[in-house]
Each structure stands twice: as structure tokens, then as C-alpha cells.
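Residue-level structure breakdown
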Amino acid sequence: MKDINLLHIIISLLGIMGIVSLNAVLVVWLERKTAGRMQFRHGPMEVGFHGILQTLADGIKLVSKQLVAPNHADTALFILAPVVSLVPIFVAMMPIPFSSTMLAHETDTGLLLVIALGLLNTLGILLAGWGSDNKYGLLGGTRAVGQILAYKIPLLLTVLTIVIMAGSFSLREIALAQHGIWYAFIQPIAFLVYIVCIVLETNRSPFDMAEAESELVAGFHTEYSGMAFSMFFLAEYSYMFVASALATVMFLGGWQGPFLPAPIWFVLKVYFFLFLMIWFRWTFPRVRIDQMLMLGWKVLLPISLINFLITAVVLAL
Amino acid sequence: MGIFEILPGNIAVYVTIAHLLFGLGLFGMLFRRTLIGLLISLELLLQGVGVNLMAFGTFLGHDHIAARVITLFVLGIAAAEAALFLGIAVAVFRNYQTVSIDKLSELKG
Amino acid sequence: MDNFIFKVYYLSFAIVLAQTAAGGVLAVAAKNLIHCFLGMVVALIGVAGLYYHLGSPFIALMQVMIYVGAVCVAIAFGLSLTRKAGEEGLKPLTPIALIPVVLPAGMLAATLKGLSHLEKTGIPRKLDESAIGWHLLGKYLFPFEIISVLLTMAVIGAVSVALIRRREQNGNI
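Residues numbered from 1 in each chain as written. Chains lettered and ligands numbered in written order. Predicted model: local features only at pLDDT ≥ 70, side-chain atom pairs only at ≥ 80, totals over all residues. Heavy atoms only, no water.

Examining the overall build of chain C
The test is simple: Helix and strand assignments follow DSSP, with helices taken as H or I runs no shorter than four residues and strands as E runs no shorter than two, numbered in order from the N terminus. We call a residue buried when its accessible area falls under 20% of the maximum for its residue type, exposed when it is over 50%, and partly exposed in between, using a 1.4 Å probe and counting protein chains only. Contacts between residues were defined by any pair of non-hydrogen atoms, one from each residue, lying within 4.5 Å. Computed with a 1.4 Å probe, the accessible areas rest on the Shrake-Rupley method; for each residue, only the protein chains presented here act as cover.
A count of helical and extended segments in chain C gives 7 helices and 0 strands. Walking chain C from its N terminus toward its C terminus, one meets helices and strands in the order α-α-α-α-α-α-α. Within chain C, the fraction of its 173 residues that count as buried is 42%. In chain C, 62% of the contacts between residues at least 6 apart in sequence involve partners at least 24 apart. Summed over all atoms, the accessible surface of chain C reaches about 9,500 Å², with 71% contributed by carbon and sulfur.

Some thoughts on the domain arrangement of chain C
Here is the rule we go by: Where each domain starts and ends comes from a domain assignment, either automatic or drawn from a database.
Under the domain assignment, chain C is made up of domain 1 (1-89) and domain 2 (127-173). For domain 1 of chain C versus domain 2 of chain C, the separation of C-alpha centres amounts to 25 Å.

Comments concerning the state of the cysteines
What counts here: Here, the term disulfide refers to a pair of cysteine sulfur atoms separated by no more than 2.5 Å.
Here the structure, examined in full by the defined rule, presents 0 disulfides over all chains. Residue Cys 72 of chain C stays outside any disulfide, its sulfur separated by 13 Å from that of Cys 36 of chain C, the closest cysteine.

Quick word on unusual backbone geometry
With a phi close to 65°, Phe 40 of chain A is a non-glycine residue in the positive phi region. Of note, Phe 40 of chain A is situated in the loop between α1 (6-38) and α2 (54-63). Positive phi values are uncommon outside glycine, yet Gln 97 of chain B reaches one of about 60°. Topologically, Gln 97 of chain B is positioned in the loop between α4 (64-96) and α5 (101-106).

Description of the interface of chain B and chain C
For clarity, the threshold we go by: Defined in terms of a 1.4 Å probe, buried area is the accessible area two parts forfeit on being brought together, summed over both. Each salt bridge in this description consists of a side-chain nitrogen of Lys or Arg and a carboxyl oxygen of Asp or Glu lying within 4 Å of one another. Pairs of N or O atoms within 3.5 Å make up the polar contacts considered here, provided that, within protein, one atom can donate a hydrogen while the other can accept it, and that residues adjacent in sequence are counted only when both atoms are side-chain atoms. Polar here means any residue outside two lists: the nonpolar Ala, Val, Leu, Ile, Met, Phe, Trp, Tyr, Cys and Pro, and the charged Asp, Glu, Lys and Arg; Gly therefore counts as polar.
Taken together, the contacts link 75 residues of chain B with 90 residues of chain C. At the boundary of chain B with chain C, total buried surface from both sides reaches about 7,300 Å², with 78% on carbon and sulfur atoms. For chain B, the biggest contributors to the area lost against chain C are Phe 31, Arg 32 and Arg 68 of chain B; these three give 11% of the whole. Between chain B and chain C we count 1 salt bridge in total. Across the pair Lys 91 of chain C and Asp 102 of chain B runs a salt bridge, and its minimum N-O distance is 4.0 Å. Along the contact surface separating chain B from chain C lie 7 residue pairs in polar contact (both at pLDDT 80 or more). Sorting the residues of the side of chain B that touches chain C by element identifies α1 (2-6), α2 (11-31), α3 (35-60), α4 and α5 of chain B as the ones contributing at least two each. Top contributing element to the side of chain B that touches chain C by residue count: α4 of chain B, with 25 residues. Split by residue class, the side of chain B that touches chain C holds 48 nonpolar, 18 polar and 9 charged.

Some points on the confidence of the model for chain C
Residues and elements named next belong to chain C. For clarity, the threshold we go by: For every residue, the pLDDT score states the predictor's confidence, bounded by 0 at the bottom and 100 at the top.
The pLDDT averaged across chain C works out to 84; a share of 88% of its residues lies at or above 70. The secondary structure element of chain C with the lowest average pLDDT is helix α7 (residues 166-170), at 55, and the one with the highest is helix α2 (residues 33-53), at 92. Interface confidence in the predicted complex, given as ipTM, is 0.89; pTM for the same model is 0.88.

A closer look at the interface of chain A and chain C
With 26 residues of chain A in contact, the opposing surface of chain C contributes 27 residues. Of the roughly 2,400 Å² buried at the junction of chain A and chain C (both faces included), carbon and sulfur atoms supply 84%. Of all the secondary-structure elements, those providing two or more residues to the side of chain A that touches chain C are α3 (75-92), α4 (110-131) and α5 (135-166) of chain A. Ranked by the residues each element gives to the side of chain A that touches chain C, the list is headed by α4 of chain A, at 11 residues. A per-class count over the side of chain A that touches chain C returns 19 nonpolar, 4 polar and 3 charged.

Focus: the packing of α4 of chain A against α2 of chain C
The relative placement of two packed helices is expressed as an angle between their axes plus a distance between the axes. Here is the rule we go by: Structural elements are reduced to axes, namely lines fitted to C-alpha atoms, with helices fitted over the stretch in contact, and the angle between N-to-C directions of any two is expressed from 0 to 180 degrees. For classification purposes, an angle smaller than 35 degrees is called roughly parallel, one larger than 145 roughly antiparallel, one from 65 to 115 roughly perpendicular, and anything else oblique. By convention the crossing between two helices is left-handed if the near helix lies anticlockwise of the far one by an angle smaller than a right angle, and right-handed if it lies clockwise.
With their axes 12 Å apart at the nearest point, α4 of chain A and α2 of chain C run at an angle of 165° to one another. Looking at the two axes, α4 of chain A sits roughly antiparallel to α2 of chain C. In terms of crossing hand, the pair formed by α4 of chain A and α2 of chain C is left-handed. Of the residues in α2 of chain C, those in contact with Leu 120, Leu 123, Leu 127 and Trp 130 of chain A of α4 of chain A are Ile 34, Phe 37, Leu 38, Val 41 and Ile 45 of chain C. Classifying every residue of the contact of α4 of chain A with α2 of chain C gives 9 nonpolar, no polar and no charged.

Thoughts on the packing of α2 of chain B against helix α4 (residues 99-115) of chain C
Following both chains from N to C, one finds α2 of chain B and α4 of chain C inclined at 160°, their axes separated by 9 Å at the closest point. One way to sum up the angle between α2 of chain B and α4 of chain C is to call them roughly antiparallel. In the packing of α2 of chain B onto α4 of chain C, the handedness of the crossing is right-handed. Note on element contacts: α4 of chain C touches α2 of chain B through Pro 100, Leu 103, Pro 104, Met 107, Leu 108, Thr 111, Leu 112 and Leu 115 of chain C, opposite Ile 11, Ala 12, Val 15, Thr 16, His 19, Phe 22, Gly 23, Leu 26, Phe 27 and Leu 30 of chain B.

Quick notes on the nonpolar core
As a reminder, the rule being used: Among the buried residues, those of types Ala, Val, Leu, Ile, Met, Phe, Trp, Tyr and Cys that are joined through side-chain atoms within 4.5 Å form a nonpolar core.
Membership of the largest hydrophobic core comes to 164 residues, with the highest contact counts inside it found for Leu 111 and Tyr 194 of chain A together with Phe 37 and Ile 75 of chain C. When residues of this core are assigned to domains, at least three map to each of domain 1 (1-89) and domain 2 (127-173) of chain C. Discounting residues that sit within four places of it in the chain, Leu 111 of chain A has contacts with Val 159, Val 163, Phe 169, Leu 171, Ile 174, Leu 246 and Met 250 of chain A.

In C-alpha cells, the structure reads:
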């Protein structure tokens, strides 16, 4: 009790809120520019220099929209779902180390905290699907939850592989244990499986069955408009940030790098993963739901399990 | 803040809330109409048991780690039981098109 | 500042207690099964808070991961697969409803009376929880292995009970 510095936590929470908003602005801009360039056009160019204020304009538009709810929708679930998706992100960002001293709250179980709170996102999607009185919403929500569940296990197995190599659940310890060589080079299979899993966990293309625009109208957030939609949006991009931050800490050594100060290296590595996810979205076509579930259960689960066993055996010898 | 100050460090609070959860779970098991309602009440019951075990182990036991290990076992067993219950509920619904406990107990013979 | 931290701590404990009790009542007394489900989720997260206040953040996070992450989602799937219109809700209350009131109250009274001379207090301290792993593989190895067998049996049992036999449905066995 005595070792909680309240002022530190309050300032860190304000900083986290700033990071979440800034991240959403930057990632949306990055995505639209990348999408434009990959499709041989310019992307947003009007608002601000090269469209950098475009997200701000979108945000103002979304906030000024009216919040509409369907007549027979379950009001409690309808309102609760975006809150359940968004609020755990703020706590999940607390153990993430931006440098070796810059973290909101140091715990022994930081990694578990991030993963456990990421699981609440699943619940938010389910509640959104149920709460809207809409077939597409229900289908989209259930598919999304099935997909997330199927890929939780390979994700957890790859995370466990890194944990037994580093010897601790604390994110700072895991990053510090890589000062010799990064884990991405020792565990390439785990690295690749983890990247596939995080693209799936965050419902991004090519795996965005939950919100497939041409198939399911908008999936679980069909009936949401205005601020509630932007909360889901914010939750999705923040969750992408958290997953990429975990990937940098676990595989690319966190904040360590030669010349630049530590937080800048961290942000660069996180944005490398975010760029990778954006690149995947605009390159690959969408995968069918049963192909995706087959990939998860029949391919990724045995691969990650065998990788874990081999790592455990090698470490014990 | 008087009453709040004695609350957290006292075993009686944890035991009370464990028994409250147990009582609520028992009430639900006796009075809910569907199998899934039964499952939800069962989960509450098991939570009460877990909190009770953990509270006794932490406050009165010599070995605190043992309390945590045993609580982990209770969590694991309850999860396995919930999974099996759900499999049975889905199979029952597929065969009888109902999960209401009254109707299911009428389908004897 | 120190006093303020303690006030926040007590307030958070009161919130956790209220959340668990309210979630439990909602889970048992609601008409719509989805409201019951929500109440259960709230109660489970409250119980995780109770585990945290008992000094074990590890068990609290395990509770959130196992229950809210996996069991609740499985119950949600089961709920959406077995719902039917007029079937939910509570049965009318009969005098049997006294059993869930009298029995736990009696147990609680007996427990508190037995504890009254042994009462230890004090806020539980956090321990180094890596010893859990050593205990699981050392002193408690036998229960650990039996529980893994139990979990395997549960998975195999659930799959075989709920399996759709495709060959029978197509008519060519």
C-alpha cells in the first residue's frame, strides 16, 4: 500500500488517455494514406498538410451525429457494450514499458494483466451483437467471438513460450532479458504465429469477418452511430496498439536501440507493427470464416504447441 | 469512515460474502426455469466456495501459497464442469427442442 | 496523501463488495437470461477484486482469464444456441425458498462463532507467487495431474455429447 505513488498513477493515466487519442488520429491517417498509395492514388490531401487533420474532421463529424438506438434493442446492453470494449484498454496500457523507467504501474504480472483485460474486448463485441436487435449484428458478433476464441490459444502459447524464456511475467523484465539478442531471432516461429494471431484478435483484414463491409453490413456495430461508433473504433485501434506494444516488448526487445532515446525507439517499433497490419489489410483478400477457423485450430495450435514443447525441453537441458 | 476501516482486514467480511454468494446460487438452482439459468447459479455457488477457501487459507493457514494452489484447482474444476454442462445443454436442446426444466422432467419414459 | 490512499483503498473494497452482491442478485433474479448473464459477469469480476484484496493478484487475473474470458463466452454461446421464447424467468416462490436463506445463514452463524476466538486481522500482504509453480509440480503434483486428466475428460465428453453425426444425417450410414 505504501508503494503506490498516487500522483504518478494519475499523471500516467492522463498520459495514457493522450496516447490513446493521439494513436487513433495517427493510425487512421497512416491507414488512409497507405491505402491510397497502395491503390495508386493520393489519399486525403485537403485537410491540413497532406491530410493530417483528416481524422480530426472525421471525429468532429462523428461526435455531432445523433445517437440512434433501434426500438426493440436492449438498452442496457446497447449502452454497455462500447464501454466494456473501451474502458479496460486504459488499465491494460498501464504495465506497458515505454522505456526502462517509464511505466504507469510496475507489477510482477504485467503481461497477464494486459491479456486478461484484452479478453474483456470479446465480451464487449458479444454484448454489442446481442444488444442490437439485428440479424447482422448478432451474426457478426457471434462470428467475431468464435474467431477470437479460436486464436486465443495459439496466442497464449506463444506468449507462454516467451515467458518461459525470459523467466518473468513482468513486461519490463521480459524486455530487459533481451539485451543480448532479440527474441524474434531465437523464436521465429513464435514471432510469426504471434503476428498472425494479433491480426486476427483485432478483427483486421484479411480476417474481419465480424465487420465485413460487403457481407454483413457492419457486423456487430451496425446499429451504432456517432459517439458510440467512435468508441468501438477507438477501442479497435487502441487494442491494435496494445497488441503491437506487446509484440515489441516480447519479440523486438522493447525500447532498446543504439542512437535515439528509448521511448522513440519503442514508438517506432510499435508503429512498424501497426504499419504491418495496415499493409496486410490492403493487400490480402478476405478469408472465409470456416477457412479461418480451420487455420486456427488445425494449423496454428499444433505449431505453437510443438514450439512450446521444444522450447521447454531445450531450456530444461 | 469508521465501518469501512475495519472491513478489508477482517476474515468475517469474506466469509459473509462467500455465504451470500452460496445462498444466491442455491436460490437460483431451486427456482430458475432453464438449464442455462441453472448453470449461471451453479457458477455463483462455486465462486462462493472459492472465496471461502481463499479467505480461510490466507487468514488462518500457515502456508499461504497452498491456499492459492487449492483455489486454482477449484477454478479449474468449475470451468471443466461448466464446459461439460454446456455440451449437455446443447445436445438436449437439439434432441428435445426445449431446455425448460419443468418440461424436461416431464419427459420421463 | 497517505490517508487519502487508505480512503481510496477502503472505497475500492466497498465497491468490490457491492459489485459482487449486486451482480449476484441480478444473476439470480432477472427475468431475461441475458440480464442474468450480465449479472454473472459483474459478480465474477467482483470476485476477482476480492481475490486481489486477499493479497493475490495472480489468482485475481487467473479468475478474470478463466471465467470472464473463457467460461462466460462459452456460456454466452450456449445461451444463444438454446434460447426459446417463453421459457425464461423464475418459478413462482414457494416455501422451499426459505432453504437458501436459512441454510447459509446457519452455516455463517456457526462459522463466525467458531472463528470468534481465533480472529486474525490485518491486510493480507502480497507474496512472491512463483512458488505456486513449484508447489504444483512438487507437493501438489498428484492433484495437478488428476485435474489435467479431468479437464481432458471434460473436453472429450463435451465434444462427444454435442457432436453432430454427419453420416446419420445424410442417410448413408
